[in-house]
Amino acid sequence: MKNLFEKWKEKIPNYSEVHKSLFDSLSQKFGAEGEKKINLGKNFSTNYELYTFAFFLGLYKNEFTPISDGEKKTNFRHAIQFWGSKSSPIRKDFTNLQENMFIALVAKTSIDLVALEKGELDEDDAVKTLIKTMESYTNGGLILIKEKLEENPNYFLQPTSFLNMILETEKK
């Protein structure tokens, strides 16, 4: 039997299609690192890097915004377990990042862990709840990024703009 973390990693989280243009403009489908990323004018090497950033931004800003039931969802067809699975001279794999995301989700999601341990709560239902929490914080983060772009279309041309968004969070 797989543990909850292993089951969660096998999932592909969604995002609202209203944010598809953010992924198109800020990250590269199928990846682009180093000079290729710069030449393409992208801030993130892959779509899952933007997704991860949006998740933590939403989490730090406490922007829990579930995707509405009628809203179309999409994803980049890449299970969490494969996010950052390859190390390169430019970056390390994302194993620690995945673990930290999971820990944050367990802390922020209302799951009766005792009931889960006793088998009174289905593991698949617990994983669905964790993914819904993840999608909600990511949606909140994507909304904040979108608002920043609407406020100042050149904001993300600064090399530290995404870091600044996180640091602005810490000041509040």
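Predicted model only: the values in this text are computed from it and were never measured.

**Student:** Explanation requested: the overall build of the protein in the structure shown.
**Tutor:** Summing up its helical and strand segments, the protein has eight helices and two strands in all. From first element to last, N terminus to C terminus, the protein shows the α and β order α-β-α-α-α-β-α-α-α-α. When the 172 residues of the protein are sorted by exposure, 45% land in the buried category. About 10100 Å² of surface is accessible on the protein, with carbon and sulfur atoms providing 51% of the total.

**Student:** How should the packing of aromatic side chains be read in this particular structure?
**Tutor:** Each aromatic ring pair is described using two quantities: the centre-to-centre distance and the angle formed by the ring planes. Counted by the stated rule, this structure contains 20 aromatic pairs. With 5.7 Å between their ring centres and 75 degrees between their planes, Tyr51 and Phe76 make a pair best called edge-to-face. With Tyr51 in helix α4 (residues 47–60) and Phe76 in the loop between β2 (73–74) and α5 (95–108), this pair connects stretches of sequence that are 25 residues apart. Its relative accessible area of 0% is what places Tyr51 among the buried residues. Here Lys148 stacks its cationic end above the ring of Tyr155, 4.8 Å away from the centre of that ring.

**Student:** Help me understand α4, please; the structure alone is not making it clear to me.
**Tutor:** Count 3.6 residues to each turn of an α-helix, and residues three or four apart come out pointing the same way. An ideal rise of 1.5 Å per residue puts 20 Å on 14 residues; α4 measures up with 20 Å between its terminal C-alpha atoms. A large share of α4 lies buried, amounting to 13 of its 14 residues.

**Student:** Would you mind going over the side chain of Thr138 with me for this structure?
**Tutor:** Looking at where Thr138 falls in the secondary structure, it is placed in helix α7 (residues 123–151). By relative accessible area, Thr138 is classed as buried at 0%. Those residues in contact with Thr138 that sit more than four places away from it in its chain are Tyr51, Ala54 and Phe55.

**Student:** Can you walk me through the nonpolar core in this structure?
**Tutor:** Nonpolar side chains in soluble globular proteins tend to be buried together. Trp8, Phe53, Phe55, Trp83, Met134, Ile145 and Met165 are the most contacted members of the largest nonpolar core, which totals 41 residues. Among the secondary structure elements, those contributing two or more residues to this core are α1 (4–9), α2 (20–26), α4, α5, α7 and α8 (161–171). Here Trp8 is in contact with Ile80, Gln98, Met101, Phe102, Leu105, Val127, Leu130, Ile131 and Met134, once residues within four sequence places are set aside.

**Student:** What is the right way to look at the environment of Leu105 in this model?
**Tutor:** With respect to the helices, strands and loops of the structure, Leu105 is situated in helix α5. Along the sequence, Leu105 and Lys132 sit 27 residues apart, while their C-alpha atoms lie 9.7 Å from each other. Ignoring sequence-local partners within four residues, the contact set of Leu105 consists of Trp8, Phe55, Leu130, Thr133 and Met134.

**Student:** Got a minute to help me understand the side chain of Lys148 in this structure?
**Tutor:** For Lys148, the position within the fold is in helix α7. Using a relative accessible area of 15% as the deciding quantity, one classes Lys148 as buried. Among all residues touching Lys148, those that are not within four sequence positions of it are Tyr155, Phe156, Met165 and Glu168.

Reading guide: rules and limits
Along each chain, numbering runs from 1 in the same order as the chain's sequence is written. With the structure being a predicted model, the display of local features is reserved for residues of pLDDT at least 70 and the display and counting of side-chain atom pairs for 80 or more, all residues being used for whole-chain, interface and lining totals. Hydrogens and waters are ignored; side-chain quantities use all the structure's heavy atoms. Only DSSP runs of H or I with at least four residues qualify as helices, and only runs of E with at least two residues qualify as strands; both kinds are numbered from the N terminus onward. Only protein chains enter the accessibility calculation, which uses a 1.4 Å probe. A residue is then buried if its area is under 20% of the maximum for its type, exposed if over 50%, and partly exposed in between. Using the Shrake-Rupley algorithm and a 1.4 Å probe, accessible areas are obtained, with residue cover drawn only from the displayed protein chains. Two rings belonging to Phe, Tyr or Trp (six-membered ring only in the last case) form a pair when the distance between their centres is within 6.5 Å. Interplanar angles under 30 degrees mark stacking, angles over 60 mark edge-to-face geometry, and anything in between is tilted. Geometrically, a charge over a ring is one whose NZ (Lys) or CZ (Arg) sits within 6 Å of the ring centre while staying within 35 degrees of the ring normal. Multiplying one less than the number of residues by 1.5 Å gives the expected span of a helix. Any two residues having at least one pair of non-hydrogen atoms within 4.5 Å are treated as being in contact. We define the nonpolar core as a collection of buried residues of types Ala, Val, Leu, Ile, Met, Phe, Trp, Tyr and Cys that are connected through side-chain atoms lying within 4.5 Å of one another.

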